[in-house]
Amino acid sequence: MDLELIRTCRTGLTNGQISTSGRRVCDSIELPWLQNQPGVSCIPEGKYRIEKRYSRRFKTHLLITGVPGRSLILIHPANDGVKELSRCIAPVSKHTGEGKGSQSRIAFEKFKTIISEALTNGPVYLIIKS
């Protein structure tokens, strides 16, 4: 399964929309593009594999693998990119501003369910474009 993240990178934070087969899944928020610098930049455009992961902090969440020069790029709930993201992507139900959204936990659970079901049939990829 392929998911597509079309994002709008600004000097502040990054907003995007995630879809599959032309159908919207959710919106997303990320850090701004700052040349792929760890901890302060969103990841570069490209095609990345998504895998399930577990941690005490986020419980079951998703991991993006294969990002050049980066590790632990997660997909997890967050409504405010500045306060809650350091290198990750957060699904949100809708954008409320630049790098801000609402109902992230609801959007994340929907997203995680889609990914979990798709992973039973093979790999899942996220294709990021601006």
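All figures in this text were calculated on a predicted structure; none of them were measured in a lab. (Residues numbered from 1 in each chain as written. Predicted model: local features only at pLDDT ≥ 70, side-chain atom pairs only at ≥ 80, totals over all residues. Heavy atoms only, no water.)

Q: Tell me about the packing of aromatic side chains, residues and numbers included.
A: On inspection of all chains with the given rule, the structure shows zero aromatic pairs. In this structure, Lys-47 is placed above the aromatic ring of Tyr-125, and the distance from its NZ or CZ to the ring centre is 4.9 Å. (Phe/Tyr/Trp six-rings, centres within 6.5 Å; stacked < 30°, edge-to-face > 60°. Lys NZ or Arg CZ within 6 Å of the ring centre and 35° of its normal.)

Q: Residue-level account of the pattern of salt bridges, with values.
A: Taken as a whole and assessed by the stated rule, the structure comprises six salt bridges. Of the charged contacts, one joins Glu-4 and Lys-129 as a salt bridge, the two residues approaching to 2.8 Å between their closest N and O atoms. Of the two residues, Glu-4 sits in strand β1 (residues 2-9) while Lys-129 sits in strand β10 (residues 124-129), which places them 125 residues apart along the sequence. The partly exposed category is assigned to Glu-4, whose relative accessible area is 27%. Owing to a relative accessible area of 37%, Lys-129 belongs among the partly exposed residues under this scheme. (Salt bridge = Lys/Arg side-chain N within 4 Å of Asp/Glu carboxyl O. Helix = DSSP H or I, 4+ residues; strand = E, 2+ residues; numbered from the N terminus. Buried < 20%, exposed > 50% of the residue type's maximum accessible area, 1.4 Å probe, protein only.)

Q: Can you tell me about the environment of Glu-4, naming the residues and giving the values?
A: When the C-alpha positions of Glu-4 and Ala-107 are compared, they lie 16 Å apart, and in sequence the two are 103 residues distant. Sequence-distant contacts of Glu-4, that is, excluding residues within four places in its chain, are made with Gln-17, Ile-18, Ser-19, Leu-126, Ile-127 and Lys-129. (Contact = heavy atoms within 4.5 Å.)

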